[in-house]
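# What the coordinates show
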Amino acid sequence: MRLDKYLKVSRIIKRRTVANEACDAGRVLVNGKQARASYDVKEGDVLELQLGERTLKAQVLSVTEYAKKEQAGDMYRLIEE
């Protein structure tokens, strides 16, 4: 699954266009490297997002095409905020 879509489906970022812009601006790292929106997310990847003043670090637990609001939080585990 594309990185921008994963960020939207998991509800880390609410809109896919915002996720795409964050990737283009270099504010999203995957396993310590800058990632494009087209990066193929896999289980076990560590995502690091620079959201304004705070940094969010999360590990990908599962990759599914669709997730309800209640299930979205189960797709990743926060490492540090």
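Here the structure is shown first, and the text comes after it.
Analysis parameters
- Residues numbered from 1 in each chain as written.
- Predicted model: local features only at pLDDT ≥ 70, side-chain atom pairs only at ≥ 80, totals over all residues.
- Heavy atoms only, no water.
- Patch = residues over 30% accessible without salt bridge, like charges linked within 9 Å, V, L, I, M, F, W, Y side chains within 5 Å.
- Areas by Shrake-Rupley, 256 points an atom, 1.4 Å probe, with all protein chains shown as cover.
- Salt bridge = Lys/Arg side-chain N within 4 Å of Asp/Glu carboxyl O.
- Lys, Arg positive; Asp, Glu negative; His and termini not counted.
- Charge placed at Lys NZ, Arg CZ, Asp CG, Glu CD.
- Helix = DSSP H or I, 4+ residues; strand = E, 2+ residues; numbered from the N terminus.
- Buried < 20%, exposed > 50% of the residue type's maximum accessible area, 1.4 Å probe, protein only.
- Phe/Tyr/Trp six-rings, centres within 6.5 Å; stacked < 30°, edge-to-face > 60°.
- Lys NZ or Arg CZ within 6 Å of the ring centre and 35° of its normal.

## Points about a positive patch on the surface
On the surface, a cluster of positive charge is made up of K8, R11, K14 and K69. Relative to the helices and strands, K69 is located in helix α3 (residues 69–72). Residue class for K69 comes out exposed when judged on its relative accessible area of 65%.

## Here's the deal with unusual backbone geometry
Of note in the backbone geometry, R11 takes a positive phi value of approximately 65° without being a glycine. Here R11 is to be found in the loop between α1 (3–9) and α2 (16–24). For N31, which is not a glycine, the phi torsion comes out positive at approximately 55°.

## What to know about the packing of aromatic side chains
Scanning all chains against the criterion turns up zero aromatic pairs. Positioned above the aromatic ring of Y66, the side-chain terminus of K5 is 5.8 Å from the ring centre.

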